[in-house]
Amino acid sequence: MDILTEDSLLIKKYVSGDEKALEFLIAKHNKRLSSFIYSKVNNRDITEDIFQDTFIKVIKTLRRGTYNEEGKFLPWVMRIAHNLIIDHFRKTSRMPMFQGADSFDIFSLIGDDKLNAERQLIKDQIDCDLEVLVAELPADQREVLIMRIYKDMSFKEISENTGVSINTALGRMRYALINLRKIIEEHNIVLTN
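Residues numbered from 1 in each chain as written. Predicted model: local features only at pLDDT ≥ 70, side-chain atom pairs only at ≥ 80, totals over all residues. Heavy atoms only, no water.

Engineer: Explain the nonpolar core to me, using residue names and the numbers behind them.
Structural biologist: Soluble globular proteins: nonpolar side chains tend toward being buried together. Core analysis: the biggest nonpolar cluster contains 26 residues, and Leu33, Ile37, Val58 and Phe73 have the highest contact counts within it. Only helix H1 (7-15), helix H2 (19-41), helix H3 (44-64) and helix H4 (73-94) provide two or more residues apiece to this core. Considering each element in turn, this core owes the most residues, nine residues, to H4. If we ignore the near neighbours within four places in the chain, the residues touching Val58 are Phe73, Trp76, Val77 and Ile80. Among the nonpolar cores identified, the runner-up in size contains 15 residues, and Val144, Leu145, Val164 and Ala176 belong to it. (Core = buried A, V, L, I, M, F, W, Y, C linked by side-chain atoms within 4.5 Å. Buried < 20%, exposed > 50% of the residue type's maximum accessible area, 1.4 Å probe, protein only. Helix = DSSP H or I, 4+ residues; strand = E, 2+ residues; numbered from the N terminus. Contact = heavy atoms within 4.5 Å.)

Engineer: Got a sec to walk through the packing of aromatic side chains? Specific residues and values, please.
Structural biologist: Aromatic rings considered in pairs are described by the distance between their centres and by the relative angle of their planes. Under the criterion given, the structure shown has four aromatic pairs. Consider the rings of Tyr67 and Trp76, whose centres lie 4.5 Å apart with planes at 45°: the pair is tilted. Comparing Tyr67 with Trp76 shows no difference in burial state: the two are buried. Seen in terms of ring centroids, Phe73 and Trp76 are 5.9 Å apart; in terms of plane orientation they differ by 55°. Their pairing is tilted. Here Trp76 and Phe73 lie together in helix H4, a separation of three residues that amounts to about one turn. With respect to burial, Phe73 and Trp76 carry one shared label: buried. Through a chain of ring-to-ring contacts, the aromatic side chains of Tyr67, Phe73 and Trp76 assemble into a single cluster. The ring of Tyr175 has Arg174 sitting right over it, with the charged end atom 5.5 Å from the ring centre. (Phe/Tyr/Trp six-rings, centres within 6.5 Å; stacked < 30°, edge-to-face > 60°. Lys NZ or Arg CZ within 6 Å of the ring centre and 35° of its normal.)

Engineer: Give me the lowdown on the environment of Lys57, citing residues and values where you can.
Structural biologist: Looking at the secondary structure, you find Lys57 in helix H3. The spatial distance from the C-alpha of Lys57 to the C-alpha of Val77 is 9.0 Å, given a sequence separation of 20 residues. Residues within four places of Lys57 in sequence aside, it is in contact with Ile80 and Leu84.

Engineer: Describe helix H7 (residues 155-162), with residues and values.
Structural biologist: Within the sequence span of H7, burial applies to Phe155, Ile158, Ser159 and Thr162. The arc enclosing the buried residues of H7, seen along the axis, measures out at 100°, which places them on a common side. Exposed residues on H7 whose side chains face more than 90 degrees from its buried face are Lys156, Glu160 and Asn161. The inward-facing, buried residues of H7 contact helix H6 (139-150) and helix H8 (166-186). Positioned one or two residues after H7, Gly163 has a phi angle of 75°, which is positive. (Arc of directions from axis to C-beta.)

Engineer: Please set out the side chain of Thr162 residue by residue, giving values where relevant.
Structural biologist: Locating Thr162 in the fold gives a position in helix H7. At 2.8 Å, the side chain of Thr162 forms a polar contact with the backbone oxygen of Ile158. Residues in contact with Thr162, not counting those within four places in the same chain, are Glu143 and Met147. (Polar contact = N/O pair within 3.5 Å; in protein donor to acceptor, adjacent residues only side chain to side chain.)

Engineer: Before we move on, can you summarise the pattern of salt bridges with the specific residues and values?
Structural biologist: A complete count under the given rule lists four salt bridges for this structure. Here Glu23 and Lys20 are joined by a salt bridge, their closest N and O atoms 3.6 Å apart. Here Lys20 and Glu23 lie together in helix H2, a separation of three residues that amounts to about one turn. By relative accessible area, Glu23 is classed as partly exposed at 48%. When the shortest N-O distance is used, the salt bridge between Arg172 and Asp140 registers 3.6 Å. (Salt bridge = Lys/Arg side-chain N within 4 Å of Asp/Glu carboxyl O.)

Engineer: Residue-level account of a negative patch on the surface, with values.
Structural biologist: Taken together, Asp45, Glu48, Asp49 and Asp53 make up a surface patch of like negative charges. By secondary structure assignment, the location of Asp53 is in helix H3. Among the residues examined, Asp53 registers a relative accessible area of 38% and is labelled partly exposed. (Patch = residues over 30% accessible without salt bridge, like charges linked within 9 Å, V, L, I, M, F, W, Y side chains within 5 Å. Areas by Shrake-Rupley, 256 points an atom, 1.4 Å probe, with all protein chains shown as cover. Lys, Arg positive; Asp, Glu negative; His and termini not counted. Charge placed at Lys NZ, Arg CZ, Asp CG, Glu CD.)

Set out below in structure tokens:
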């Protein structure tokens, strides 16, 4: 046996009890599979873990006799690895980490009510400032902007409600945004949260 031996032959030999066949199978695809995993996770330790988990699943499937040989061994293994990579990211995104540490940090889940109250005050102030700015727009532009932004209406709905064409409604929205930018720049207003 060597690296050029067909996957299907190596699988048959492994299922028949030849452990060396599995070693050749892993060696044959090691570089390609490891590179694939690393390209997604960018971490050597995680790559090794996912690689090992992938072949544990492969071994279990082969031992159960549920692998369906269609000459597509590598794509099947890559799909297993891909699913494990997704599982890895799901797990890690649910478990917040403290910056610079590999441990779970319960405090990252607890909100600071004072900070949230402060953010709400800032948001309320921004909303109030925006209302004043929108009031300075010409009536036709203001009407379209309010319908689109505050009432979440489509341009088709705006067109039907105002009795103008969709293109006219689009044009009014465009000019409303241009004019808002001009007003903001003229008054040096900062609208950030």
